[in-house]
Amino acid sequence: MIAKRYKFVKLQRDYNEAAGGKRIDGYYAFQTGKLFSKDKDAIILEIQDLTSNYNVATVFVVDVFLVDSDPSLGSIIRLDNSSILLIYLDTQVIDVKDSPLQKLETHSWNLSDLKNEEPIKNIFYWNSTNGEWSQNTK
């Protein structure tokens, strides 16, 4: 399985609904990955916060699906860290051995030790049993 990743491009527009009406200016990366189902791709949008000196990003993960008998698509934002900017740039979709689903790898700060500049690697995966994200931290 190969996740599709598109290079960072300039973004200057209002991202009203997902960002709570805030204007987001920056560079963004667009990826897809099999995070929720082996049969369809989720959309991962990572937007650099140009006001930060620490290369933080806002990450949105969108689950897109067909709506019953309606031929149109529906969507749910399943991850939105816009209110807590603690994720570094370079979110990645990673493969999982012996699993049709992929996981999301992010890096963040250790809030209990802010002087430590070594980022924490976070692996997020969708737990379909309880309908929530689960996390492994390394």
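Caption draft 1: Expanded view of the overall build of the protein chain. The secondary structure content of the protein chain amounts to zero helices and eleven strands. Along the chain direction, N to C, the helices and strands of the protein chain fall in the order β-β-β-β-β-β-β-β-β-β-β. When each of the 138 residues of the protein chain is scored for burial, the buried share is 38%. At a minimum sequence separation of 6, the contacts of the protein chain that also span at least 24 residues come to 36%. Element-wise, carbon and sulfur atoms account for 50% of the exposed surface of the protein chain, whose accessible area totals about 8700 Å².

Caption draft 2: Examining unusual backbone geometry more closely. The backbone of aspartate 90 sits at a positive phi, close to 90°, despite the residue not being glycine. Assignment of secondary structure puts aspartate 90 in the loop between strand S7 (87-88) and strand S8 (92-94). By relative accessible area, aspartate 90 is classed as partly exposed at 37%. Although it is not a glycine, aspartate 98 sits at a positive phi angle of roughly 60°. Mapped onto the secondary structure, aspartate 98 falls in the loop between S8 and strand S9 (103-108).

Caption draft 3: Fine view of the environment of alanine 29. As for its position among the elements, alanine 29 is in strand S3 (residues 23-37). In this structure alanine 29 comes out as buried when scored by relative accessible area, which is 0%. Each C-alpha atom, one on alanine 29 and one on glutamate 46, is 5.2 Å from the other, the two residues being 17 residues apart in sequence.

Caption draft 4: Looking closely at the confidence of the model for the protein chain. Mean pLDDT over the protein chain: 76, with 71% of residues reaching 70 or higher. Here strand S2 (residues 9-14) stands out as the element of the protein chain with the lowest mean pLDDT, 43, in contrast to S8, whose mean of 90 is the highest. Here residues 1-24 is modelled with pLDDT under 50, and outside its nearest four sequence neighbours on either side it reaches 60 contacts, counting other chains as well.

Caption draft 5: Quick look at the pattern of salt bridges. Applying the stated criterion across every chain yields a total of four salt bridges. Taking the shortest distance from any N to any O, the salt bridge between aspartate 39 and lysine 38 comes out at 3.4 Å. On the basis of relative accessible area, aspartate 39 is assigned to the exposed category, the value being 63%. In this structure, aspartate 63 engages arginine 78 in a salt bridge whose closest nitrogen and oxygen atoms are separated by 2.9 Å. Placement of aspartate 63 in strand S5 (residues 56-67) and of arginine 78 in strand S6 (residues 70-80) is noted, with a sequence separation of 15 residues between them. On the accessibility criterion, arginine 78 (25% relative accessible area) is partly exposed. In this structure, a network of salt bridges that share partners links the residues Lys40, Asp63 and Arg78.

Caption draft 6: Molecular detail of the packing of aromatic side chains. Counted by the stated rule, this structure contains four aromatic pairs. Seen in terms of ring centroids, phenylalanine 124 and tryptophan 133 are 6.4 Å apart; in terms of plane orientation they differ by 85°. Their pairing is edge-to-face. As far as the burial class goes, phenylalanine 124 and tryptophan 133 line up, both buried. What links up through ring pairs into an aromatic cluster is the set Phe36, Phe124, Trp126 and Trp133. Lying over the aromatic face of phenylalanine 36, arginine 78 brings its terminal NZ or CZ to 5.3 Å of the ring centre.

Procedures and definitions
- Residues numbered from 1 in each chain as written.
- Predicted model: local features only at pLDDT ≥ 70, side-chain atom pairs only at ≥ 80, totals over all residues.
- Heavy atoms only, no water.
- Helix = DSSP H or I, 4+ residues; strand = E, 2+ residues; numbered from the N terminus.
- Buried < 20%, exposed > 50% of the residue type's maximum accessible area, 1.4 Å probe, protein only.
- Contact = heavy atoms within 4.5 Å.
- Areas by Shrake-Rupley, 256 points an atom, 1.4 Å probe, with all protein chains shown as cover.
- pLDDT = per-residue confidence, 0-100.
- Salt bridge = Lys/Arg side-chain N within 4 Å of Asp/Glu carboxyl O.
- Phe/Tyr/Trp six-rings, centres within 6.5 Å; stacked < 30°, edge-to-face > 60°.
- Lys NZ or Arg CZ within 6 Å of the ring centre and 35° of its normal.

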